[in-house]
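Now for the letters of each chain:
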Amino acid sequence: MILDGKLVAQKVLEEVRAGVARVKDRSGVVPTLAVVLVGDFAPSRVYVANKKRAADTVGIASQDHLHPEGLDREALLALLRRLNADPRVHGILLQLPLPAGLDEDEAIAAIAAEKDADGLHPVNLGRLLAGAPTVVPCTPAGCLELLDHYGCDLKGAEAVVIGRSRLVGKPLAQLLLARHATVTMCHTRTRDLAAHTRRADVLCVAAGRPRTVTGDMVKEGAWVIDVGINRLETGKLVGDVEFASVAARARAITPVPGGVGPMTIAMLLRNTLRAAERQLGMA
Ligand code: NAD
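Not measured: the values here are computed from a predicted model.

Rules and cut-offs
- Residues numbered from 1 in each chain as written.
- Predicted model: local features only at pLDDT ≥ 70, side-chain atom pairs only at ≥ 80, totals over all residues.
- Heavy atoms only, no water.
- Helix = DSSP H or I, 4+ residues; strand = E, 2+ residues; numbered from the N terminus.
- Buried < 20%, exposed > 50% of the residue type's maximum accessible area, 1.4 Å probe, protein only.
- Contact = heavy atoms within 4.5 Å.
- Areas by Shrake-Rupley, 256 points an atom, 1.4 Å probe, with all protein chains shown as cover.
- Lys, Arg positive; Asp, Glu negative; His and termini not counted.
- Charge placed at Lys NZ, Arg CZ, Asp CG, Glu CD.
- Near = heavy atom within 4 Å.
- Polar contact = N/O pair within 3.5 Å; in protein donor to acceptor, adjacent residues only side chain to side chain.
- Nonpolar A, V, L, I, M, F, W, Y, C, P; charged D, E, K, R; others polar.
- Expected span 1.5 Å × (residues − 1).
- Core = buried A, V, L, I, M, F, W, Y, C linked by side-chain atoms within 4.5 Å.
- Domains from an automatic or database assignment.
- Salt bridge = Lys/Arg side-chain N within 4 Å of Asp/Glu carboxyl O.

Trainee: Just to check I follow, could you spell out the overall build of the chain for this structure?
Mentor: Along its length, the chain carries 10 helices and 10 strands. Structurally, the chain occupies a C-alpha span of about 50 × 40 × 35 Å along its principal axes. By the burial criterion, 49% of the 283 residues in the chain qualify as buried. Here the analysis covers contacts within the chain between residues at least 6 apart in sequence; of these, 69% occur between residues at least 24 apart. Approximately 13,100 Å² of the chain is accessible, and the part contributed by carbon and sulfur atoms is 54%. Treating the 35 positive side-chain charges of the chain as one cloud and the 31 negative ones as another, the clouds have centres 3 Å apart.

Trainee: Help me understand the site of the ligand, please; the structure alone is not making it clear to me.
Mentor: Taken together, 21 residues sit near the ligand, with Arg164, Ser165, Val227, Ile229 and Thr264 positioned nearest. At 3.4 Å from an oxygen atom of the ligand is found a main-chain nitrogen or oxygen belonging to Ala206. Protein chains shield 73% of the accessible area of the ligand, which is 850 Å² for the free molecule. Tallying contributions element by element places helix α10 (residues 260–279) first for the shell around the ligand, with 3 residues. Of the residues contributing to the shell around the ligand, the split by class is 9 nonpolar, 10 polar and 2 charged.

Trainee: Would you mind going over helix α1 (residues 5–27) with me for this structure?
Mentor: In an α-helix, one turn spans 3.6 residues; hence positions three or four apart end up facing the same way. Here α1 spans 32 Å end to end across 23 residues, near enough to the 33 Å set by a 1.5 Å rise per residue. All buried positions along α1 are accounted for by Gly5, Val8, Ala9, Val12, Leu13, Val16, Gly19, Val20 and Val23. Its buried side turned inward, α1 meets α2 (42–58), α6 (138–149) and α10. At the C-terminal side of α1, Gly28 shows a positive phi close to 75 degrees.

Trainee: Which parts of the structure should I look at to understand the nonpolar core?
Mentor: For soluble globular proteins, the rule of thumb is that nonpolar side chains tend to be buried together. Judged by nonpolar contacts, the single largest core of 52 residues is most densely connected at Leu176, Val202 and Leu269. Composition of this core by domain shows at least three residues from each of domain 1 (28–116) and domain 2 (138–260).

Trainee: Can you help me understand the pattern of salt bridges in this one?
Mentor: A side chain of one charge can pair with a side chain of the opposite charge when the charged atoms of the two come close. Overall, the coordinates contain 13 salt bridges when judged by the stated rule. Between Asp201 and Lys219 there is a salt bridge, with its nearest N and O atoms 2.7 Å apart. Taken together, the residues span a long stretch of sequence, with Asp201 in the loop between α8 (193–197) and β6 (202–205) and Lys219 in the loop between β6 and β7 (223–226) at a distance of 18 residues. Between Arg249 and Glu220 there is a salt bridge, with the nearest N and O atoms lying 3.8 Å from each other. Of this pair, Arg249 sits in the loop between α9 (243–247) and β10 (252–253) while Glu220 sits in the loop between β6 and β7, and the two are 29 residues apart along the sequence. We classify Arg249 as partly exposed; its relative accessible area is 32%.

Trainee: Hey, could you run me through the side chain of Gln95 in this one?
Mentor: Position of Gln95 among the secondary structure elements: in the loop between β3 (91–94) and α4 (104–110). Side-chain polar atoms of Gln95 contact the side chain of Lys51, separated by 2.9 Å. Other than its neighbours up to four places away in sequence, Gln95 contacts Val36, Leu37, Ser44, Tyr47, Val48 and Lys51.

Trainee: What am I meant to see in the domain arrangement of the chain here?
Mentor: By a frequent convention, interface size equals the accessible area lost on bringing the separate parts together. For the chain, the assigned domains are domain 1 (28–116) and domain 2 (138–260). Between the C-alpha centres of domain 1 and domain 2 the distance comes to 28 Å.

Below, the structure written as structure tokens:
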């Protein structure tokens, strides 16, 4: 079975569109996402353009703060403070990575936690760890949404996550744990990766390297979520999972593109809507 991220993202976007219309109706306010892009990293430009287009389709306004020429530390922090204080802005998206010389931790922490559309602020990550209501990081939230949509039962499942980044691996492991999976986290220092992946009922791969997982590393009947996005020299986009050999063994698998990617954007817009609802006293 293919876990169709485009399809499930459309469903989420429909819900967000209805929610945005409700907010506009009741308060006259248009939920607004401030988009901050510093530097001219080409993939970031593409991601930002996709996010803005999707925001537009659900009626969320985006406010552009694009600085291809770069920004120094003080100017970036001043911009974020201005957006924090601006009642017209409900969510702030700081596109990562920041150019060398800017401190990502400092910049993320400078965003008001209630406007953190990406769920990466330390307060929101801390709340995730504590099991409190929070803004969940978009990509891990999208993975869970996909698994839920297709009826994957996580309770008691052996879940293996490859990758331990703040953006994907760590929060994803927390979400799986909160859903009562038995979670193993693997990373570059893991001694025998295949020994772990072969036990997985649910295998989530966020390593950023093509063919990190091949068919021989996957248990028959596993659910496989491929978070990776890698561009080969040929220009082709592939995930971290060797699709054909893994699909032959897996019960369910996400394609790349068309799997986790569209879900990430849908979750960003859901987070923005929820932030607007909270700020307007509607949640
Ligand atoms: P990262 O580079 O910050 O982290 C990669 C992690 O994978 C590290 O923790 C590292 O220890 C681990 N790792 C790398 N190679 C490994 C190996 N051979 N064996 C075991 N562990 C290994 O990357 P990230 O930000 O977490 O992103 C991971 C991938 O997901 C990238 O390809 C990125 O482009 C993609 N991504 C996709 C989306 C989406 O919307 N689909 C969103 C975010 C990231």
